[in-house]
Structure formats: C-alpha cells, structure tokens
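# Coordinate analysis (summary)
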Amino acid sequence: MLVECDVTKDEDIQRLFEKVKEGFGTLHGVVHSIAHAKKEELEGLYLDTSREGYLLAQNISVYSLVAVSKYAKPLMTEGGSIVTLTYLGGERVVKNYNVMGVAKSALDSSIRYLAADLGKDNIRVNGVSAAPIKTLAAKGVSGFTDMLKGFEEKTPLKRLIQPEEVANTALFLCSSLSSGITGEIIHVDGGYNILGY
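### Section: the pattern of salt bridges
Enumeration according to the criterion identifies six salt bridges in this entry. Salt-bridge contacts for Lys120 lead to Asp121; the nearest nitrogen and oxygen are separated by 3.9 Å. According to the relative accessible area criterion, Asp121 is partly exposed, its value standing at 28%. Among the ionic pairs, Glu165 bridges to Arg159, the shortest N-O distance being 2.7 Å. Using a relative accessible area of 24% as the deciding quantity, one classes Glu165 as partly exposed.

Structural data, given as structure tokens:
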C-alpha cells in the first residue's frame, strides 16, 4: 500500500491512518523517518537561522512525529512500537548541522514525552541515532564527505556504519524483543557518541 502524505497537513496524516485501518485494521509499528530543513539554513552561523527556516525544520522534523503518533494510537489496540531516526547533532554541536541539530534535540525530547504519554497503552516510543551515512539527504550537509572520513578515523569500530545496521536496530525496536524498552535512543554509530570530541 502506498499513500501520499504531506506531514505538514493534519488531514493528510489522518487520511493516511484511515487507509491503514481500512487495509490492515490493527497497527503494530510505525517508523518515522522524515526530516527537512532548507539547505541554506545548514550553512554559516546558527545565529542567522531565519524564523521561517526554523519553523519549517521543527514542523517537518519534529511535530510530524507528534502528529503521526496521535493518529497511529487508535490503531495500536494491541500495543506497539513507534521508532524515529535522530542524530548526534541533537546532543552536541555538529558543524554545518545548525537548525537541524536543534530540531533533532526537540525530537529527542519528544521521544521521551511521547513514551510517557503512550506507555499506559503499551505503546513504546524510541529513537535510533545513526552515524553519518551516504544518503540523498546527507548531500545537503556542507562538508559531508570530510565528515565521513573523520568519523571513520575516530570511531572505535574504525569503519563506516551501513544502512542495514540502522535498519536492524529499528527492526529490533519494532519487535517484541525490545518489549521492555521505551523512551530510549540507541546509537548505531560504532561507538562514536562515547568519545569526547
């Protein structure tokens, strides 16, 4: 099933979950994997972030998780799992990440608040903090190739992380194998987050 959805429009999100209900009835898991900021907001100084650019990044990258969780909840009658993708730039300053780092910080906090709200319904909410990976979105980050090289040299595993490793962690968080985990962020970054850089 493929349903078009603009996460800046509540009616689109509601329609999406109506279609899911029609097609499947019960929902057991949601993977929220969406973020967006204007390219120009990822360069220069965070101080120069425009109001419009800030609100856009927060709306698409953060509020969409809140809205998706709200409309998914009624379908998760048997409990379930909501997983989102975050990044270390929400925990510490990462050059050329700027407004997106602030959005990821808000996303990290939303994970905890949603986990507290939805726990009584046996719905778990967690995040996966992935290492820098070559994706289309990553091309928008200035100096990304240099970032990858520095990451590989510094991380304890001395290698890049593969998309499958991130997907496997999301699958674990969606499965009953993680039934006692909620409100957490699991770093899939070869240990980079433990370093003092």
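### Details of the packing of aromatic side chains
By the definition in use, this model includes two aromatic pairs. Measuring from centroid to centroid gives 5.0 Å for Tyr87 and Tyr97, while their planes differ by 70 degrees, and the two rings are edge-to-face. Taken together, the positions of Tyr87 in the loop between strand E2 (80-86) and helix H3 (98-118) and Tyr97 in the loop between E2 and H3 put the pair ten residues apart, joining distant regions of the chain. Classification of Tyr87 as buried rests on a relative accessible area of 12%. Each ring, one from Phe151 and one from Tyr192, has its centre 5.3 Å from the other, and the planes form 40 degrees; the classification is tilted. Pair noted here: Phe151 is in helix H4 (residues 144-154) and Tyr192 is in the segment after strand E4 (185-188), with a separation of 41 residues, a long-range link. Per residue, the accessibility class of Phe151 equals that of Tyr192, and both read buried.

### Some thoughts on unusual backbone geometry
Phi at Asn98 is positive, roughly 35 degrees, even though this residue is not glycine. As for its position among the elements, Asn98 is in helix H3. Overall, Asn98 belongs to the buried group, its relative accessible area being 14%. Unlike most non-glycine residues, Asn122 shows phi in positive territory, near 60 degrees. Its location among the elements puts Asn122 in the loop between H3 and strand E3 (123-130).

### As for the sheet that holds E3
Strand order in the open sheet formed by four strands is E1-E2-E3-E4, with parallel pairing between adjacent strands. Strands at the two margins of the open sheet, each flanked by one partner only, are strand E1 (29-32) and E4. Across this sheet, the average inter-strand angle for adjacent strands is 20 degrees, counted without regard to direction. The sheet contact formed by E1 and E2 spans four bridges and is parallel. Of the residues in E2, the one forming a bridge with Gly29 is Ser81. Its contacts with the sheet put helix H2 (residues 51-72) on E1 and E2, and the angle it makes with E1 is roughly 165 degrees. Along the sheet face, H3 touches E1, E2, E3 and E4 and points at about 170 degrees away from the line of E2.

### Regarding the nonpolar core
In this structure, Ile13, Phe17, Leu27, Ile82, Val125, Ile161 and Val166 are the most contacted members of the largest nonpolar core, which totals 50 residues. Every element with two or more residues in this core is listed here: helix H1 (10-24), H2, E2, H3, E3, H4 and helix H5 (163-174). If sequence neighbours within four positions are ignored, Ile161 has contacts with Ala131, Ile133, Phe151, Val166, Val188, Asp189 and Gly190.

Procedures and definitions
Residues numbered from 1 in each chain as written. Predicted model: local features only at pLDDT ≥ 70, side-chain atom pairs only at ≥ 80, totals over all residues. Heavy atoms only, no water. Salt bridge = Lys/Arg side-chain N within 4 Å of Asp/Glu carboxyl O. Buried < 20%, exposed > 50% of the residue type's maximum accessible area, 1.4 Å probe, protein only. Phe/Tyr/Trp six-rings, centres within 6.5 Å; stacked < 30°, edge-to-face > 60°. Helix = DSSP H or I, 4+ residues; strand = E, 2+ residues; numbered from the N terminus. Pairing = 2+ DSSP bridges. Axes fitted to C-alpha atoms, helices over the stretch in contact; angles between N-to-C directions. Contact = heavy atoms within 4.5 Å. Core = buried A, V, L, I, M, F, W, Y, C linked by side-chain atoms within 4.5 Å.

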